[in-house]
Amino acid sequence: MTFDQVIGQQEAQERLLQLEREQRLPHALMLCGPMGCGKMALAMGFAKHLLSRNSNDEAMLARWEHPDLHFTYPTIKLPSMNSDHKPVSDDFARQWHELIMAGCYFTMNEWLEMMGGENQQAIITAGESDALTRKLSLKSSQGGYKVSLIWLPERMNIECANKILKLLEEPPQQTLFLLVSEEPERLLETIRSRVQRLDVKRLTEDDIREALISKRGLVEESAQRVARMANGSWLKALELLSNDSENELFLDMFQTLMRLAYQRKVKELKTWSERIGTMGREKQKRFLEYFLRLVRENFIFNFQEPTLCYMSQREEDFARNFARFINEANVIPISELANRAIRDIGQNANGKIVFFDFALHMIVLLIQK
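Rules behind the numbers
- Residues numbered from 1 in each chain as written.
- Predicted model: local features only at pLDDT ≥ 70, side-chain atom pairs only at ≥ 80, totals over all residues.
- Heavy atoms only, no water.
- Helix = DSSP H or I, 4+ residues; strand = E, 2+ residues; numbered from the N terminus.
- Buried < 20%, exposed > 50% of the residue type's maximum accessible area, 1.4 Å probe, protein only.
- Pairing = 2+ DSSP bridges.
- Polar contact = N/O pair within 3.5 Å; in protein donor to acceptor, adjacent residues only side chain to side chain.
- Contact = heavy atoms within 4.5 Å.
- Salt bridge = Lys/Arg side-chain N within 4 Å of Asp/Glu carboxyl O.

Comments concerning unusual backbone geometry
Look at Gln 23: it is not a glycine, yet its phi comes out positive at around 55 degrees. Here Gln 23 lies in the loop between helix H1 (10-21) and strand E1 (28-32). The exposure class assigned to Gln 23 is exposed, which follows from its relative accessible area of 76%. The phi angle at Gln 304 is positive, at roughly 55 degrees, despite the residue not being glycine. Among the secondary structure elements, Gln 304 is positioned in the loop between helix H14 (281-301) and helix H15 (313-322).

Some details on the pairing of E1
Of all five residues in E1, five are buried, a share of seventy percent or more. Burial along E1 is two-sided: Ala 28, Met 30 and Cys 32 facing one way and Leu 29 and Leu 31 facing the other are all buried. Summarising the sheet, E1 and strand E4 (residues 175-181) pair through five bridges and their orientation is parallel. Each residue of the ladder has a partner; that of Cys 32, found in E4, is Ser 181.

Thoughts on the side chain of Thr 125
Here Thr 125 shows up in the loop between helix H5 (108-115) and helix H6 (126-136). A residue is classified by how much of its surface remains accessible, and Thr 125, at 7% relative accessible area, is buried. A distance of 2.6 Å separates the side chain of Thr 125 from the backbone oxygen of Pro 87, its partner in a polar contact. In this structure Thr 125 touches Lys 86, Pro 87, Asn 157 and Cys 160, once residues within four positions along its chain are discounted.

Notes on the pattern of salt bridges
Applying the stated rule across the entire model yields 28 salt bridges. Ionic pairing is found between Arg 209 and Glu 220, a salt bridge with its closest N-O pair at 3.3 Å. Taken together, the residues span a long stretch of sequence, with Arg 209 in helix H9 (residues 205-216) and Glu 220 in helix H10 (residues 220-230) at a distance of 11 residues. Through salt bridges with shared partners, one network takes in Lys 86, Asp 130, Glu 159 and Lys 163.

Right, dumping it as structure tokens:
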């Protein structure tokens, strides 16, 4: 089965297969949707489906080593690379193969760890677009489709994006581009106009619950709680199952920030900001995204409607005493503050300065009634 690794998403699977059946398959498809909904799993499953029609070697497809399947993904520059070298996907082919053989659901953080560059921001370089152009200029080795699967095309730098645009404008014969994007608004408008977009919805609680029972062996009650907290993301569900979850660290940091800000301990807040400032930028952004979620959950907690809250037991225990400090007067300014910090970190601002400023603003915002 080609979609055997996909959790739920029956409607999206059928839409992809219908395009092929009705011979309406465009030269470029872009699957969009939130993290953990299964976009990459769908794209990989569909690529396998198309390539299997002209391939007699199922084992080759099972290993993701088909000669007509070309993966493009963000990469980093290692210290061992020459100064003028533009990193390409082939530089990390071994690590990528190890990652996808473990499953079709993974995060940028996992990929960065595989490459050995957690403190870097991964991008797709112009060197990659040149390499892809050369690969796609060759005829299909099996006589069917050539599939170019691009993971997170929004991470292309401008030089790469312009070269990919030319490929999309004049696609090589029998080539299908499958783009998998979480932030399509970051792509050039000219690229977005040349692909057919397919929006993938969040997973249902039932799909996640059933997968947790069948694939992870959870009992019904535990599976239901995790499925609810996962908020439509299989990746989030897996994260919640992990004993060394990053969320535990982030909760401790959130609690420390709020306590120190309430007590107006500026010196200790500076130490807090220096600690988080040493983390990689991707991890800093993940903390801020966690921060935003917990602010929202604490605000909703005040309404005493359990069905509206999505917190772990530890998060809920903290909210019982803290939630009253997040109210109508400050919930929006706090959220805007966190979003500005995400923007600044994304633009390579100094993390220690960003988070110290962030912490000082929290002192003022927490006292608003």
